[in-house]
Amino acid sequence: MSDDIVIWHNPRCSKSRQTMQLLTDAGVEPTVIEYLNTPPEVSEIKRVLGALNIAPKALMRTKEAAFKDNGLGAADVSDDALIAAMAEHPILIERPVVIKGDKAVIGRPPENVNALLK
């Protein structure tokens, strides 16, 4: 796998900006994907969930209106439905996500990204 680092970034988010700064300070020039403008497809979300080794709900911003409005907190909502919702409403994706090859971290706190820089 490539050692290139990709960040799903929201420039309006302070944690996302802090994570970008941490990467820059480490001499890394990541590929920046402003995921609200260029949402990841279902297959990419699944790949990143595997790299994060978490369930779909753990990647979701559960306080967003789209989460509540679409009933995504119900116990019977499938993982596939949650992933489809993130692809359709990228605001639901926790940010930032930093990906390096087959590994990924959520930059909350931004220092989580240090695990990928070793």
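Residues numbered from 1 in each chain as written. Predicted model: local features only at pLDDT ≥ 70, side-chain atom pairs only at ≥ 80, totals over all residues. Heavy atoms only, no water.

**Notes on the sheet that holds strand S3 (residues 97–100)**
The mixed open sheet is built from 4 strands, whose spatial order is S2-S1-S3-S4. Either end of the sheet is taken by a strand with one partner, and the two such strands are strand S2 (31–33) and strand S4 (103–106). Neighbour to neighbour, the strand axes of the sheet diverge by 20° on average, direction disregarded. Relative to S3, strand S1 (residues 5–8) runs antiparallel, the two sharing 4 bridges. Within S3, the position partnered with Trp 8 by the bridge is Val 97. Across the sheet, helix H1 (residues 14–25) lies against S1, S2 and S3, angled at about 165° from S1, the strand it touches most. (Pairing = 2+ DSSP bridges. Helix = DSSP H or I, 4+ residues; strand = E, 2+ residues; numbered from the N terminus. Axes fitted to C-alpha atoms, helices over the stretch in contact; angles between N-to-C directions. Contact = heavy atoms within 4.5 Å.)

**Details of the nonpolar core**
Core analysis: the biggest nonpolar cluster contains 22 residues, and Trp 8, Ile 45, Leu 59, Met 86, Leu 92, Ile 93 and Val 97 have the highest contact counts within it. Put simply, the parts of the chain that give this core at least two residues each are helix H2 (42–52), helix H3 (65–69), helix H4 (79–88), S3 and S4. It is H2 that provides the largest number of residues to this core, a total of 5 residues. The contact partners of Met 86, leaving out residues within four places of it in the chain, are Ile 45, Pro 56, Leu 59, Met 60, Leu 92 and Ile 93. One finds Ile 5, Ile 7, Leu 23 and Val 105 within the second-largest nonpolar core, a separate group that totals 10 residues. (Core = buried A, V, L, I, M, F, W, Y, C linked by side-chain atoms within 4.5 Å. Buried < 20%, exposed > 50% of the residue type's maximum accessible area, 1.4 Å probe, protein only.)

**Thoughts on the pattern of salt bridges**
Evaluated as defined, the whole model comprises 5 salt bridges. A salt bridge links Glu 44 to Arg 47; its shortest N-O distance comes to 3.2 Å. Here Glu 44 pairs with Arg 47, and both are found in helix H2, just 3 residues apart, close to one helical turn. In this structure Glu 44 comes out as partly exposed when scored by relative accessible area, which is 26%. The residue Glu 94 makes a salt bridge to Arg 61 at a minimum N-O spacing of 3.1 Å. In this pair, Glu 94 is assigned in the loop between H4 and S3 and Arg 61 in the loop between H2 and H3, connecting sequence segments 33 residues apart. For Arg 61, a relative accessible area of 18% translates into the label buried. Within the structure, one salt-bridge network assembled from shared partners comprises Arg 61, Glu 64, Glu 94 and Arg 108. (Salt bridge = Lys/Arg side-chain N within 4 Å of Asp/Glu carboxyl O.)

**Observations regarding unusual backbone geometry**
Looking along the chain, the bond that leaves Arg 95 and enters Pro 96 is cis, with omega of -15°. Position of Pro 96 relative to the elements: it lies in the loop between H4 and S3. Following Arg 108, the chain continues into Pro 109 via a peptide bond in cis, with omega recorded as 0°. As for its placement among the helices and strands, Pro 109 is situated in the segment after S4. With a phi angle near 60°, Asn 53 is a residue other than glycine that sits in the positive phi range. Positionally, Asn 53 belongs in the loop between H2 and H3. Classification of Asn 53 by relative accessible area gives exposed; the value is 68%.

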